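For reference, the chains in residue letters:
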Amino acid sequence: MLTSTPAAGATGFSGKAVTIMFDENVQLKDADKKFVMSPPAAKKPRVEAHGKQVKVTFDDAEVLLPATTYTLDFADCLSDLNEGNVYQNFTFSFSTGQSTDSMMISGNVYDARTVMPVEGIYVLLHENLTDTAFTNVMPIRVAKTDPDGRFAIKNVPAGREYDVYALDDQNRNFLFDQPGEKIAWLGRHVSPSWEIRQVADSVKTDSTYVVNDTIHYYYAPTMRDTLTYTPDSLSLFAFDEDRYDQYISVDERKERNKIKIILNKPMARRPRLSFVGHEGERGLSVNQYSPTNDTVVVWMTDTTLWKKDSVVIAVDYLVKDSLGALVDHVDTLKEWHFERKAKEADSGRRRRRKKEDDDKPKVDFLKIKASGTVAPYGELSIFSPTPFARFDWNSVRLSVKVDTIYKPLAFTAINDTVDICRKALKVKWEPGAEYRLEIDSASVYDIYGKWNAPLSQSVKVTTLDKYGVLYIDVDSVPANALLQITDSKGNVLRQNYLKQNGKAGFRYLKPSDYMIRIIIDDDRDGKWTTGDFAQRRQPEQIIYYMQKVTVRQNWDIHVDFSLKDFTPAAFARKYGTNKSRRRR
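Cut-offs used in this document
- Residues numbered from 1 in each chain as written.
- Predicted model: local features only at pLDDT ≥ 70, side-chain atom pairs only at ≥ 80, totals over all residues.
- Heavy atoms only, no water.
- Helix = DSSP H or I, 4+ residues; strand = E, 2+ residues; numbered from the N terminus.
- Buried < 20%, exposed > 50% of the residue type's maximum accessible area, 1.4 Å probe, protein only.
- Contact = heavy atoms within 4.5 Å.
- Areas by Shrake-Rupley, 256 points an atom, 1.4 Å probe, with all protein chains shown as cover.
- Lys, Arg positive; Asp, Glu negative; His and termini not counted.
- Salt bridge = Lys/Arg side-chain N within 4 Å of Asp/Glu carboxyl O.
- Polar contact = N/O pair within 3.5 Å; in protein donor to acceptor, adjacent residues only side chain to side chain.
- Pairing = 2+ DSSP bridges.
- Axes fitted to C-alpha atoms, helices over the stretch in contact; angles between N-to-C directions.
- Patch = residues over 30% accessible without salt bridge, like charges linked within 9 Å, V, L, I, M, F, W, Y side chains within 5 Å.

## A closer look at the overall build of the protein
Piece 1. Looking only at helices and strands, one finds 6 helices and 44 strands in the protein.
Piece 2. In terms of its C-alpha atoms, the protein occupies a principal-axis envelope of roughly 100 × 80 × 55 Å.
Piece 3. A buried classification covers 41% of the 584 residues belonging to the protein.
Piece 4. Restricting the contact set of the protein to residue pairs at least 6 apart, pairs at least 24 apart contribute 66%.
Piece 5. Element-wise, carbon and sulfur atoms account for 48% of the exposed surface of the protein, whose accessible area totals about 32,400 Å².

## Let's talk about unusual backbone geometry
Piece 1. Going from T5 to P6, the amide bond is cis rather than trans, its omega being 0°.
Piece 2. Topologically, P6 is positioned in the loop between β1 (3-5) and β2 (17-21).
Piece 3. A cis amide bond, omega -5°, links S38 with the succeeding residue P39.
Piece 4. Structurally, P39 is set in the loop between β4 (36-38) and β5 (46-50).
Piece 5. Although it is not a glycine, A67 adopts a positive phi angle of roughly 50°.
Piece 6. Turning to its location among the elements, A67 is positioned in the loop between β6 (53-57) and β7 (69-73).

## Here's the deal with the environment of L470
Piece 1. Looking at the secondary structure, you find L470 in strand β37 (residues 468-474).
Piece 2. Look at L470 and you get buried, because its relative accessible area is 0%.
Piece 3. Sequence-wise, L470 and N82 are 388 residues apart; in three dimensions their C-alpha atoms are separated by 56 Å.
Piece 4. Apart from residues lying up to four places away in sequence, L470 is in contact with I485, A504, G505, F506, L509, I516, V549, I557 and V559.

## As for the side chain of K423
Piece 1. Mapped onto the secondary structure, K423 falls in strand β33 (residues 422-426).
Piece 2. It is D416 that comes nearest to the buried, bridge-free K423 among opposite-charge side chains, at 8.8 Å.
Piece 3. At 2.9 Å, the side chain of K423 and the side chain of N415 are in polar contact.
Piece 4. Ignoring any residue separated from it by four or fewer positions in sequence, one finds K423 in contact with L380, S381, I382, F388, F391, W393, I414 and N415.

## Some thoughts on the sheet that holds strand β24 (residues 310-320)
Piece 1. Spatial strand order, β21-β24-β25: 3 strands in an open sheet with antiparallel pairing. If you trace the sheet from one side to the other, it starts and ends with β21 (272-275) and β25 (326-336), each paired once. On average, each strand axis in the sheet is tilted by 25° relative to the strand beside it, whichever way the strands run.
Piece 2. With 4 bridges joining them, β21 and β24 adopt antiparallel strand pairing.

## Some remarks on the pairing of β37
Piece 1. Among the 7 residues of β37, 5 are classified as buried, and the element is accordingly described as predominantly covered.
Piece 2. Pairing between β37 and strand β40 (residues 503-509): 5 bridges, direction antiparallel. Bridge pairing in β40 links G468 to L509.
Piece 3. The pairing of β37 with strand β44 (residues 556-561) spans 6 bridges and is classified as parallel. Bridge pairing links I472 to V559 in β44.

## Overview of a nonpolar patch on the surface
Piece 1. On the surface, a cluster of nonpolar side chains totalling about 330 Å² of accessible area is made up of W194, I196 and L227.
Piece 2. In this structure, L227 sits in strand β17 (residues 214-230).
Piece 3. According to the relative accessible area criterion, L227 is partly exposed, its value standing at 43%.

## Looking at the side chain of H278
Piece 1. Mapped onto the elements of the fold, H278 is located in the loop between β21 and β22 (285-289).
Piece 2. With a relative accessible area of 18%, H278 lands in the buried category.
Piece 3. Those residues in contact with H278 that lie beyond four places of it in its chain are L284, L305 and K308.

Now the structure itself:
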């Protein structure tokens, strides 16, 4: 920057524009998204670049606040025109009063669930400390996070207490008034201050020593004092409240007798279904619900119904009204299905095929199948393409191979209450052993009256040396600590509540890379729970083990999990996006 009107840090400003001159041609990129004026104006100013000049023009109706320091934050939207070098975090400040406020509050915003940096979210500073300020009062200062989730609220008045919030402001009014806006709040007041810290300035030779005729140098850093504004390491954890509208996201009828309906999020109550024109009639369908009630598969059993090309079905499910109360809502869906008939080019060949087919006995068996392998701790699953209507366990036999002879075994029968197309059985499996499963003909029927052909299948149990064992020792166990093992995508594979001694073990893990984390599961529902601002409930805290854990075949892995080693900043630096890591 060469010059500006007014001068940088000027006081007593009362103009309608700020002009900044540079020593080379400059350009703006995404200024509409990235430029921030703090305190925010009632109407966003116009920001333009022409040649070597950047001009910020305030709206004619805009009245700047008296005795207030203003900050124009360009983030990374300003760069030179020729090479595109960014003027990183360029800011310009001026005051409408007789002095300039100089304090600063800084920190990071992380996603509460992934602990990854949140880019482009507003961070708001409120001097109004009431609970309703976030929803009803404009903040006195704002900032926006960079790709690392870092924010710096500059030119803050000293000698006061503030509340800090984060807001993904969809309608740009700096108020939390939209149910879909991601939010965070610190939960305690902060007071800006400063302190002198010592930091490493340079490195110089401190001493030398000789080993085997080779001179070695010992280097020591030169320390210098630096002014630091505090607090400078605030951590806010942003989350989406569970307030999204409930709606049907998928409805399809790919098969004539089957309708699939998916809602956009889990349901507290199963959706209620009825066929329009057949209200009150029973036995029209068998419905299969997912464990979270957000998916339902409708197997139509009434022949006159599912043979129709179009079927109208009413879905009654719970939605939240404007006050957040659950009320019934009904969507009426019209489901279509048309059969595509294959064309035969050669009619003579078609007639010959028909005659050959007529000579063969036609039996459309129910095609059940079973798992070919089973884990030492697992269940042997038996699947049907359609829901079971009758399953005669007395016609099911399981035997284990001893030398060359199969010996019959007693087993525990499992009727799956969620997946109505699955049955299972379980014994104390012998790792590496071979079993045989046999099911007699006509012992299994589906809801359409089909029965099975006889089944005889070999089943092998995986040997223990195909798995690894993970032992975890947590140094200090907080209350309601839910220990989870996840894959690289964050899918939970195993979990247990920690005992007070902090020791846990997970057997039969497949060779792979895993992440270990602890959820402070305050509501003891066995999963992470988001926050709720109206109830002043923060999202549940997640603490990660800082290293990926590699499990190998036939290995015992021991992990010492020290909770104090985890910091959101270090975790985000290590596992953040490539974009975030490149900036470092």
